[in-house]
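Coordinate inspection notes
Take a look at the letters that make up each chain.
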Amino acid sequence: MTREQALQWLREVKQNKKNTIERLKKIGIEEYEKKTGQKPTYIEAL
């Protein structure tokens with residue numbers, strides 16, 4: 001694996017992690033809204 005390939009792989013991993021976190025936050029917020037009927041504050045969402 002060349003250095004360029006390693007850097008590209010690292011960028012992809014970071015992007016996938018970011019996308020996964022965003023997706024899980026969205027699911028968490030939706031579940032909270034279903035349970036309570038309220039929009040979560042930032043602290044509650046985390």
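To keep things clear, this report deals only with the structure shown in the data block. Keep in mind that this is a model prediction, so the values were computed, not measured.

Here the focus is the overall build of the chain. Broken down by element type, the chain carries two helices and zero strands. Within the chain, buried positions represent 2% of all 46 residues. Taken as a whole, the chain presents about 4600 Å² of accessible surface, with 57% of it coming from carbon and sulfur.

With that settled, consider a nonpolar patch on the surface. On the surface, a nonpolar cluster with roughly 350 Å² of combined accessible area is contributed by Leu-7, Trp-9, Leu-10 and Val-13. Structurally, Leu-10 is set in helix H1 (residues 3-36). The partly exposed category is assigned to Leu-10, whose relative accessible area is 36%.

Okay, H1 next. Between its terminal C-alpha atoms H1 stretches 49 Å, which fits the 50 Å expected from 34 residues at 1.5 Å a residue. Within two residues after H1, Gly-37 carries a phi angle of roughly 80°, on the positive side.

What follows deals with the pattern of salt bridges. Applying the stated criterion across every chain, the model contains two salt bridges. For Glu-31, the salt bridge goes to Lys-34, with nearest N and O atoms at 3.8 Å. Taken together, the residues Glu-31 and Lys-34, both in helix H1 and three residues apart, mark about one turn of the helix. A salt bridge links Glu-33 to Lys-39, with the shortest nitrogen-to-oxygen separation between them at 3.4 Å. On the basis of relative accessibility, which here comes to 26%, the residue Glu-33 falls in the partly exposed class. Judged by relative accessible area, which is 67%, Lys-39 ranks as exposed.

The rules behind each value
- Residues numbered from 1 in each chain as written.
- Predicted model: local features only at pLDDT ≥ 70, side-chain atom pairs only at ≥ 80, totals over all residues.
- Heavy atoms only, no water.
- Helix = DSSP H or I, 4+ residues; strand = E, 2+ residues; numbered from the N terminus.
- Buried < 20%, exposed > 50% of the residue type's maximum accessible area, 1.4 Å probe, protein only.
- Areas by Shrake-Rupley, 256 points an atom, 1.4 Å probe, with all protein chains shown as cover.
- Patch = residues over 30% accessible without salt bridge, like charges linked within 9 Å, V, L, I, M, F, W, Y side chains within 5 Å.
- Salt bridge = Lys/Arg side-chain N within 4 Å of Asp/Glu carboxyl O.
- Expected span 1.5 Å × (residues − 1).

Everything listed here is a matter of geometry and, on its own, says nothing about what the molecule does.
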